[in-house]
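Structure assessment
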Amino acid sequence: MKKTLLIITIIFFVFLVNLRVYIYDVNFYEHEFKKLNVYKEIPKEIALENTNKLISLFKENKELDTDFFNEKERTHLNDVKSLINQAMYLLYISIFLLIILLILNLKNLSRIFLVSGLLIIFFILISLFINFDYFFILFHKISFRNDLWLLNPETDNLIKLFSIGFFKDFLIRIGINSFVFALFLVMDGLLLRRFEKA
């Protein structure tokens, strides 16, 4: 039971820690805005200023002090903030469990690391066959109790900043980082197994 719980905890930790990295990474936002031609519609200075305010909202729970977003967008962003807070609570719980379960499973770490890494790789490979647009819509329907996420690109600045292409690249980055992390887990598992047999 504790082996299975540790495997699940490691998987959650890997995906959630990479989620946290990119949610708060201003450089990633800037790179995506340039790639997706956001600056053709919104001046760079304004885009980055309001992105920093968004990150402060998500990370430090500061009020969104800007008129750049309308009331509908601001309400949706508060819903997003709640979702991010829940994800961060899960991350902190997974870190706490990780420390305890690693200590309790010291004799089984080779198999645990190997299985955890292989499962993460499996989940990532499976995700390659999922239609992103379908997943994106389904995620929003499940995660939000309203339709405020249905934005108008003609009137809403939020969707001008964060198009569906942004979120696709966001998930790709998380997937790549998690894949690399999984490879290290597999290699660590194999190395530990060799030491156990020696």
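To start, this report covers the structure provided alongside it. Because the structure is a prediction, the values reported are computed rather than measured. Here the residue numbers are simple positions, counted from 1 along each chain's written sequence. Reporting in this predicted model follows two pLDDT cut-offs: at least 70 for local features of residues, and 80 or more for side-chain atom pairs to be given and counted; totals over whole chains, interfaces and linings ignore these cut-offs and use all residues. Values shown for side chains rest on all heavy atoms present in the structure; no hydrogens or waters enter the calculation.

**Some remarks on the overall build of the chain**
Which entries qualify depends on this criterion: Helix numbers and strand numbers start at the N terminus; a helix is a DSSP run of H or I with at least 4 residues, a strand a run of E with at least 2. We call a residue buried when its accessible area falls under 20% of the maximum for its residue type, exposed when it is over 50%, and partly exposed in between, using a 1.4 Å probe and counting protein chains only. Whether two residues are in contact is decided by their heavy atoms, any of which lying within 4.5 Å being enough. Here, Shrake-Rupley sampling with a 1.4 Å probe gives the accessible areas, and only protein chains in the shown set may cover a residue.
Counting secondary structure elements, the chain contains 8 helices and 0 strands. Helices and strands appear in the chain in the N-to-C order α-α-α-α-α-α-α-α. Counting only C-alpha atoms and orienting by the principal axes, one finds that the chain spans roughly 65 × 30 × 30 Å. A total of 198 residues make up the chain; the buried ones form 39% of that total. In the chain, 78% of the contacts between residues at least 6 apart in sequence involve partners at least 24 apart. When the accessible area of the chain is evaluated, it comes to approximately 12300 Å², of which 64% is carbon and sulfur surface.

**A few points about a nonpolar patch on the surface**
To keep it simple, the criterion reads: Excluding any residue in a salt bridge, patches collect residues exceeding 30% relative accessible area, merging like charges within 9 Å and nonpolar Val, Leu, Ile, Met, Phe, Trp and Tyr side chains within 5 Å. Whenever Lys or Arg places a side-chain nitrogen within 4 Å of a carboxyl oxygen from Asp or Glu, that contact is recorded as a salt bridge.
On the surface, I8, F12, Y89, L90, Y92, I93, I95, I99, I103 and L106 cluster together to form a nonpolar patch covering roughly 1000 Å² of accessible area. For the nonpolar patch, the elements supplying multiple residues, two or more each, are α1 (2–23) and α4 (71–104). Among the elements that line the nonpolar patch, the one with the most residues is α4, at 7 residues. With respect to the element layout, F12 can be found in helix α1. We classify F12 as partly exposed; its relative accessible area is 46%.

**Regarding the layout of surface pockets**
Empty space among the atoms becomes visible once a probe the size of a water molecule is rolled across them. Note the cut-off: Whether a set of points on the 1 Å grid over the protein atoms alone is a cavity depends on a 1.4 Å probe fitting there but being unable to get out, while an open set qualifies as a pocket with protein on both sides within 12 Å along at least five of seven lines; lining residues are those with an atom within 4 Å of a point. Grid points are joined across faces, edges and corners, and a volume is the space filled by probe spheres set on the points. Residues are grouped as follows: nonpolar covers Ala, Val, Leu, Ile, Met, Phe, Trp, Tyr, Cys and Pro; charged covers Asp, Glu, Lys and Arg; every other residue, Gly included, is treated as polar.
Considered as a void within the structure, the largest pocket measures approximately 1800 Å³ in volume. In terms of lining residues, the largest pocket is bounded by 49 residues, among which F135, F139, F170, L171 and I174 are the most central. Here the lining of the largest pocket gets 10 residues from one element, more than from any other, and that element is helix α8 (residues 164–197). Classifying every residue of the lining of the largest pocket by side-chain character gives 40 nonpolar, 8 polar and 1 charged.

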